[in-house]
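# A look at the structure
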Amino acid sequence: MPSVEVESDLDLLAELVEVDEFPCCDANHPRGVSFHDPSAPAEFLIVSPCCGDRGLLCRARSQYLRNVAATIHCMRCDQRWPPERYRFIPLPGFLPL
Ligand SMILES: [Zn+2]
Ligand SMILES: [Zn+2]
C-alpha cells in the first residue's frame, strides 16, 4: 500500500476556491438508484480513506452514501470501504451532515 499524503480540510477546500460552480460528480452515476438531486449543487467534498481521492457530492447523494450505502468504492483504486471511513467535508456555507 503506497503511503498517502494527508491533506488538511483547508488544503482540500483551497483547491476549490477558483472553481465557480461545484457540480455533483455523481450527476450521471451509473450504478442503480443514486438519490442524486439534479437541481442541487454539490455541498460536500468526499475523500476516500485509501488514496485520498475526492469528489463533490450533492446533499441527497451524500446522505444516501453516508446513511444507507453499505460500502463506497474508492474512485481511484476501486477498493470498498464502509462510509464512516470516508470524510464528508461540507463546502463553505453548507452545514455538515
Ligand atoms: Zn448529486
Ligand atoms: Zn483507493
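Basis of the calculations
Residues numbered from 1 in each chain as written. Chains lettered and ligands numbered in written order. Predicted model: local features only at pLDDT ≥ 70, side-chain atom pairs only at ≥ 80, totals over all residues. Helix = DSSP H or I, 4+ residues; strand = E, 2+ residues; numbered from the N terminus. Buried ≥ 20, exposed ≤ 12 C-beta atoms within 10 Å, placed from the backbone. Contact = placed C-beta atoms within 7 Å. Pairing = 2+ DSSP bridges. Axes fitted to C-alpha atoms, helices over the stretch in contact; angles between N-to-C directions. pLDDT = per-residue confidence, 0-100. Core = buried A, V, L, I, M, F, W, Y, C linked by C-beta atoms within 7 Å.

## Examining the overall build of the chain
- Helix and strand counts for the chain come out as two helices and five strands.
- The order of α-helices and β-strands along the chain, N terminus first, is α-β-β-α-β-β-β.
- A buried classification covers 18% of the 97 residues belonging to the chain.
- Considering only contacts within the chain whose residues lie at least 6 apart along the sequence, 55% involve residues at least 24 apart.

## Digging into the sheet that holds strand β5 (residues 87-90)
- The strand order across the open sheet formed by three strands is β2-β1-β5, and the pairing between neighbours is antiparallel. Here the strands that pair on one side only, and so sit at the sheet edges, are β2 (54-58) and β5. The sheet shows a mean angle of 30° between the axes of neighbouring strands, taken without regard to direction.
- With four bridges connecting them, strand β1 (residues 42-47) and β5 associate as antiparallel partners. Of the residues in β5, the one forming a bridge with Leu 45 is Ile 89.

## Re the environment of Phe 88
- With respect to the helices and strands, the residue Phe 88 is situated in strand β5.
- We classify Phe 88 as partly exposed; it has 19 C-beta atoms within 10 Å.
- The residues touching Phe 88, leaving out its near neighbours within four places in the chain, are Phe 44, Ile 46, Ser 62, Arg 66 and Leu 97.

## A word on the confidence of the model for the chain
- Averaged over all residues, the pLDDT of the chain is 79; the fraction at 70 or higher stands at 73%.
- Between the elements of the chain, mean pLDDT differs from a low of 70, seen in helix α1 (residues 9-14), to a high of 94, seen in strand β4 (residues 80-81).

## Topic: the environment of Leu 45
- Among the structural elements, Leu 45 can be located in strand β1.
- What makes Leu 45 buried here is the crowd of 21 C-beta atoms within 10 Å.
- Leu 45 sits 12 residues away from Leu 57 along the chain, and the two C-alpha atoms are 6.4 Å apart.

## What to know about unusual backbone geometry
- Phi at Asp 78 takes a positive value of approximately 70°, unusual for a residue other than glycine.
- Along the chain, the position of Asp 78 falls in the loop between β3 (72-73) and β4.

## A few points about the nonpolar core
- Grouped together as the largest cluster of nonpolar side chains are 10 residues: Cys 24, Ala 42, Phe 44, Leu 45, Ile 46, Val 47, Leu 56, Leu 57, Cys 58 and Tyr 86.
- Mapped onto this core, the elements with two or more residues apiece are β1 and β2.
- Here this core gets five residues from one element, more than from any other, and that element is β1.

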